[in-house]
Amino acid sequence: FMPGVVSLGEILEEQGYKQTLLVGSDAEFGGRDAYFTEHGNYNIVDMKTLKARGWLPMDYQVWWGFEDAKLFAAAKLELTALAGQGEPFNFTMLTCDSHFPDGYVCRLCGEEYEEQYPNVLRCSSRQLADFVAWIQAQPFYGNTTIVISGDHLTMDPDFLADVNEDYVRTVYNCIINPAVEPVREKNRQFGTFDMFPTTLAAMGVEIPGNRLGLGTNLFSGTRTLTETYGFERMDRELQCNSEFYNDTFLQLDGEKKAVGGR
């Protein structure tokens, strides 16, 4: 899976980090299992893993696999075991209850709103806040950084019907207990790839030049590529075909290299 890529997981693996990925579905979806095993040697815990352990019934299936209420319960067990090894660790998890189209209503969801989706969003936020509070109460928290990041904007058109079209929607990002203080805390223009060096910097890693790949360390005062060139140009350039990208990262053969080129 993208054999030429050097990932966050590989950098941490080289430094002796023990790593676990927890997902509430089948980790094979979208090639996630290949990425995380080949780029960081993560221990993968998914729906199949928990069923094999007897933690979930063999016939259990809701939403994408199992709901976030069970995911957070499993996360506490996995995180406790990981931290208990006495080695530096990276625990990564993916929530799904708030996903498109209307989210998943679990036993913890209330009825504060008339529509389902905002109730799911509120429930998801409440569960996440409780999980963060639990981490902050653990003995390992003092030397632990928490990174919360959305994977994309909501795709629910009905939920956005009354939102002014001029309103700039953004993906939610939050870094708790970083090892460094930001030079500029507000009004940064950046992309997902900037989270790569920013996550490492939040853990106390010093990055010469404050750049890794296309990403810029947001704790620094260095301008991101988006701040330098603008979103529209970045979007346009990233859609171009790149022989360097194909040869170095994808390592495709000549026949495949031409597929999808622009």
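Residues numbered from 1 in each chain as written. Predicted model: local features only at pLDDT ≥ 70, side-chain atom pairs only at ≥ 80, totals over all residues. Heavy atoms only, no water.

### Here we look at the sheet that holds strand β1 (residues 18–23)
- Taken in spatial order, the three strands line up as β2-β1-β3 in an open sheet, and their pairing is parallel. In this open sheet, the two strands that pair with only one neighbour each are β2 (43–45) and β3 (89–94). Each adjacent strand pair in this sheet contributes to an overall mean axis angle of 15°, direction not counted.
- Two elements, β1 and β3, share six bridges in a ladder whose sense is parallel. The residue bridging Thr20 from the neighbouring strand is Phe91, located in β3.
- Across the sheet, helix α4 (residues 68–83) lies against β1, β2 and β3, angled at about 170° from β3, the strand it touches most. (Pairing = 2+ DSSP bridges. Helix = DSSP H or I, 4+ residues; strand = E, 2+ residues; numbered from the N terminus. Axes fitted to C-alpha atoms, helices over the stretch in contact; angles between N-to-C directions. Contact = heavy atoms within 4.5 Å.)

### Topic: helix α5 (residues 116–136)
- Compared with an ideal rise of 1.5 Å per residue, which puts 21 residues at 30 Å, α5 spans 30 Å between its outermost C-alpha atoms and is within 8% of the ideal.
- What α5 keeps buried is the set Tyr117, Pro118, Asn119, Val120, Cys123, Ser124, Gln127, Phe131, Val132, Trp134 and Ile135.
- Those residues of α5 that are buried are in contact with α4, β3, β4 (146–149) and β5 (173–176). (Expected span 1.5 Å × (residues − 1). Buried < 20%, exposed > 50% of the residue type's maximum accessible area, 1.4 Å probe, protein only.)

### Topic: the packing of aromatic side chains
- Under the definition given, this model contains 11 aromatic pairs.
- Their ring planes at 10° and their centres at 6.1 Å tell us that Phe131 and Trp134 sit as a pair that is stacked. Of the two residues, Phe131 and Trp134 both sit in helix α5, three residues apart, roughly one turn of that helix.
- Ring pairing ties together the aromatic residues Phe1, Tyr35, Phe36 and Tyr42, which thus form one cluster. (Phe/Tyr/Trp six-rings, centres within 6.5 Å; stacked < 30°, edge-to-face > 60°.)

### Observations regarding the nonpolar core
- Of all hydrophobic cores here, the largest spans 26 residues; its most connected members are Leu22, Phe66, Leu79, Phe131, Ile135, Phe140 and Ile146.
- Looking at this core, the elements with two or more residues in it are α3 (47–52), α4, β3, α5 and β4.
- What Phe140 contacts, discounting residues up to four positions off in sequence, is Leu79, Ala83, Phe89, Trp134 and Ile135. (Core = buried A, V, L, I, M, F, W, Y, C linked by side-chain atoms within 4.5 Å.)

### Regarding unusual backbone geometry
- For the peptide bond that leads from Phe100 to Pro101, omega is 5°, which places it in the cis range.
- Relative to the elements of secondary structure, Pro101 occurs in the loop between β3 and α5.
- Its identity as a non-glycine residue notwithstanding, Asn187 has a phi of 60°, on the positive side.
- Summarising the element assignment, Asn187 is placed in the loop between β5 and α6 (195–202).
- Residue Asn187 is classed as exposed on the basis of its relative accessible area of 69%.
- Even without being a glycine, Gln251 presents a positive backbone phi close to 50°.
- Locating Gln251 in the fold gives a position in the loop between α9 (243–250) and α10 (254–257).
- Owing to a relative accessible area of 47%, Gln251 belongs among the partly exposed residues under this scheme.

### A closer look at a negative patch on the surface
- A surface patch of negative charge is lined by Asp102, Glu114, Glu115, Asp158 and Asp162.
- Positionally, Glu115 belongs in the loop between β3 and α5.
- Overall, Glu115 belongs to the partly exposed group, its relative accessible area being 49%. (Patch = residues over 30% accessible without salt bridge, like charges linked within 9 Å, V, L, I, M, F, W, Y side chains within 5 Å. Areas by Shrake-Rupley, 256 points an atom, 1.4 Å probe, with all protein chains shown as cover. Salt bridge = Lys/Arg side-chain N within 4 Å of Asp/Glu carboxyl O. Lys, Arg positive; Asp, Glu negative; His and termini not counted. Charge placed at Lys NZ, Arg CZ, Asp CG, Glu CD.)

### Section: the layout of surface pockets
- Taken as a whole, the second largest pocket holds about 1200 Å³ of empty space.
- In terms of lining, the second largest pocket is formed by 35 residues, of which the most central are Val171, Asn173, Arg188, Phe190 and Leu218.
- It is helix α8 (residues 231–238) that contributes the most residues to the lining of the second largest pocket, four residues altogether.
- Per-class residue counts for the lining of the second largest pocket are 16 nonpolar, 11 polar and eight charged. (1 Å grid on protein atoms, 1.4 Å probe; cavity = no way out; pocket = protein on both sides within 12 Å on 5 of 7 lines; lining within 4 Å. Points joined across faces, edges and corners; volume = space filled by probe spheres on them. Nonpolar A, V, L, I, M, F, W, Y, C, P; charged D, E, K, R; others polar.)

### What to know about the confidence of the model for the protein
- For the protein, the mean per-residue pLDDT works out to 93, and 96% of the residues sit at or above 70.
- Low pLDDT, under 50, characterises residues 254–262; the predicted model gives this stretch seven contacts beyond four residues in sequence or across chains. (pLDDT = per-residue confidence, 0-100.)

### Examining the packing of α4 against α5
- Contact pair α4 / α5: the axes reach a minimum separation of 11 Å and the direction vectors enclose 15°. Regarding the angle of α4 to α5, the classification is roughly parallel. Along this stretch, α4 crosses α5, giving a crossing that reads as right-handed. Contacts between α4 and α5 involve Asp68, Ala69, Phe72, Ala75, Lys76, Leu79 and Thr80 from the former and Gln127, Leu128, Phe131, Trp134 and Ile135 from the latter.
- By residue class, the composition of the contact of α4 with α5 is eight nonpolar, two polar and two charged. (Parallel < 35°, antiparallel > 145°, perpendicular 65-115°, else oblique. Left-handed = near helix turned anticlockwise from the far one by under 90°.)

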